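# Chain and residue survey
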Amino acid sequence: MTIRRDLLLGRIIDAKHNDFVKIITGIRRCGKSYLLFNLFKRHLLKSGVRKDHIIEIDLENTSSKPLQNPITLLSHIKSRIKKDGRWTYVLIDEIQNCQKVLPPGTDLSLIHPDDRESAYVTFYSVLSELRTMRRVDVYVTGSNSKLLISDVATVFRGRGQSIQVTPLSLSEFMPLRKGRESQAIFDEYLTFGGLPKCVLSKSDAERKAYLDDLYRTIYLKDIIERNSIKSPETVERLLDVVMSGIGGLTNPCKISDTMNTVAKLNTNHTTIGKYLGFLKNAFLVCETKRYDVKGRRYLESPCKYYATDTGLRNARVNFRQNEPTHLMENVIYNELLRRGYSVDVGVVQLETRAAGKHEIRQHEIDFVVNQADERIYIQSAYAIPDPEKHAQETFSLRHVKDSFRKLVITGNLLEKPWRDDNGITFMGIMTFLLDPKSLETI
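Notes on the structure in this doc start here. Note that the coordinates shown come from a computational prediction; the quantities given were computed from them, not determined experimentally. (Residues numbered from 1 in each chain as written. Predicted model: local features only at pLDDT ≥ 70, side-chain atom pairs only at ≥ 80, totals over all residues. Heavy atoms only, no water.)

### A short note on the state of the cysteines
- Tallying each qualifying case throughout the model produces 0 disulfides.
- The thiol of Cys198 is unpaired, and the distance to the nearest cysteine sulfur, on Cys30, comes to 14 Å.
- A relative accessible area of 1% places Cys198 in the buried class.
- Between Cys253, a free cysteine, and Cys303, which holds the nearest cysteine sulfur, the sulfur-to-sulfur gap is 11 Å. (Disulfide = S-S within 2.5 Å. Buried < 20%, exposed > 50% of the residue type's maximum accessible area, 1.4 Å probe, protein only.)

### Examining the pattern of salt bridges
- On inspection of all chains with the given rule, the structure shows 32 salt bridges.
- Close ionic contact of Arg28 with Glu60 constitutes a salt bridge, the shortest N to O distance being 2.8 Å. Placement of Arg28 in the loop between β1 (21-25) and α2 (32-46) and of Glu60 in the loop between β2 (54-58) and α3 (70-80) is noted, with a sequence separation of 32 residues between them.
- Here Arg28 falls in the buried class, since its relative accessible area comes to 10%.
- With relative accessibility at 39%, the residue Glu60 sits in the partly exposed group.
- Here Arg207 ties to Glu188 by a salt bridge, and the two come within 3.7 Å at their closest N and O atoms. Residue Arg207 is found in helix α9 (residues 204-226), and its partner Glu188 is found in helix α7 (residues 182-192); the two are separated by 19 residues along the sequence. Of the two residues, Arg207 and Glu188, neither departs from the other in class, the shared state being buried. (Salt bridge = Lys/Arg side-chain N within 4 Å of Asp/Glu carboxyl O. Helix = DSSP H or I, 4+ residues; strand = E, 2+ residues; numbered from the N terminus.)

### A few points about the sheet that holds strand β4 (residues 136-142)
- The 5 strands are arranged β2-β3-β4-β1-β5 in an open sheet whose pairing can be described as parallel. This sheet does not close on itself; its edge strands, each paired only once, are β2 and β5 (160-164). On average, each strand axis in the sheet is tilted by 15° relative to the strand beside it, whichever way the strands run.
- Sheet topology note: the β1/β4 ladder contains 4 bridges and is parallel. Looking at β4, one finds that Ile24 is bridged to Thr141.
- Set on the sheet, α2 makes contact with β1, β2, β3 (88-93) and β4; between it and β3 the angle comes to about 165°. (Pairing = 2+ DSSP bridges. Axes fitted to C-alpha atoms, helices over the stretch in contact; angles between N-to-C directions. Contact = heavy atoms within 4.5 Å.)

### Quick word on the environment of Thr271
- Along the chain, Thr271 falls in helix α12 (residues 269-281).
- Relative accessible area serves as the criterion here: at 22%, Thr271 is assigned to the partly exposed category.
- Put simply, Thr271 and Thr234 are 37 residues apart on the chain and 9.3 Å apart in space, counted from C-alpha to C-alpha.

### Considerations on the sheet that holds strand β6 (residues 285-292)
- On the basis of which strands lie adjacent, the open sheet formed by 8 strands has the order β7-β6-β8-β9-β10-β11-β13-β12 and mixed pairing. Among the strands making up the open sheet, the edge pair consists of β7 (297-307) and β12 (418-419).
- The pairing of strand β8 (residues 342-354) with strand β9 (residues 357-371) spans 12 bridges and is classified as antiparallel. Looking across to β9, one finds that Gly346 is bridged to Ile365.

### Some points on the packing of helix α10 (residues 232-244) against helix α11 (residues 252-262)
- Direction vectors running N to C along α10 and α11 enclose 115°, while the axes themselves pass 10 Å from each other. By the angle between their axes, α10 is roughly perpendicular relative to α11. Two packed elements cross with a definite hand, and for α10 against α11 that hand is right-handed. Contacts between α10 and α11 involve Thr234, Arg237, Leu238, Val241 and Val242 from the former and Ile255, Thr258 and Met259 from the latter.
- Looking at the contact of α10 with α11, its residues break down into 5 nonpolar, 2 polar and 1 charged. (Parallel < 35°, antiparallel > 145°, perpendicular 65-115°, else oblique. Left-handed = near helix turned anticlockwise from the far one by under 90°. Nonpolar A, V, L, I, M, F, W, Y, C, P; charged D, E, K, R; others polar.)

### Some points on unusual backbone geometry
- Note that the residue after Ser301, namely Pro302, is joined by a cis bond; omega there is -5°.
- Here Pro302 lies in strand β7.
- The phi angle at Arg29 is positive, at roughly 70°, despite the residue not being glycine.
- Topologically, Arg29 is positioned in the loop between β1 and α2.
- Located in the positive-phi region is Ser228, a residue other than glycine, with phi close to 50°.
- Note on placement: Ser228 falls in the loop between α9 and α10.

### Remarks on the packing of aromatic side chains
- Here the structure, examined in full by the defined rule, presents 11 aromatic pairs.
- Directly above the aromatic system of Tyr139 lies the positively charged group of Lys22, at a separation of 4.8 Å from the ring centroid.
- Between Lys208 and the ring centre of Phe319, over which it is positioned, the NZ or CZ distance is 5.3 Å. (Phe/Tyr/Trp six-rings, centres within 6.5 Å; stacked < 30°, edge-to-face > 60°. Lys NZ or Arg CZ within 6 Å of the ring centre and 35° of its normal.)

Right, here's the structure in full:
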């Protein structure tokens, strides 16, 4: 069964021949390899590219073990490049599995200690050389942001382009559930998320087993081994706390206090802050900072964490916390990132005077969304049963006095956009998710 990833495929196609190394990142098992080696390769072949001008290398494959040596890898690729004036496309899967090695005959003792690191050959060296070769277009996938995304701005400064792949959006998920009612589709999406293999599983039991297995055999193992963590239990308990509290304000101090009290662990905010970084680098969670709308400044603490995939979140809490309000908020957040927006949590500070006392109270806007000079304030409201709830959900929005657009996304799935007397637009969650231009129309 073909899963369409038109938005992501379009971004890769648009990046062809742009003289950059295309770095395709994202959480493991989200479909990076399928996107590159199936959908993009199919595009190349349909465009007239010959098979022998597409070099495919899977560095997770046992047969490719020798190619984890970057010197061998570069030699192998060079030997397969056709010098006939046509473009050659180099597709490398899981590039971070390529090791760093010393060139044969190198004696580190003869090199100053400050210069020894630069003596090694790494996959960065391979990609940098391939990029300079005439009519060679390079695409790689990787699952760790620390190794790749940061390098777009450092090692590949001006020579690398990052394209992040996410689990399936609802618009990509919907065609796989033809004939089912909207509510059933949305409920399944909230519960089991959008990891492709999970979506293609035939039963809820299979989906639960698959998500549980991902944690045990891939995600946790990868984080622990990659970062040489000596206390795996701390990472597991941290995941439990973060996943059970998605969309809630917190910080490393609060989390460490909770873990020490509930799980009887002896940890501290410094360790928790470092481990949170590991979870973010593995693309399991995203961190969102708070932004003071009136003061136009970021607030250091607390912040919010959202799960990259709601299915993984639910699996981590054993599917016990079925909280559609928070899960819907998480799905909105993920969709905003998928569309290329930067997303913050909004804070509106209002001055009040009661009983002769002057107070400043903070009121939250779920998302302050920015793209170039565009800004939208967005509130997630699962249910608005009466005027009182309407007033409550729009309170913060009504106290933002600038002219940027304001939107409330509701749990009334297919509710068409409409505007209240305050100029605030309301829209159903599926209306928002299924139309990639839904924000442009409000």
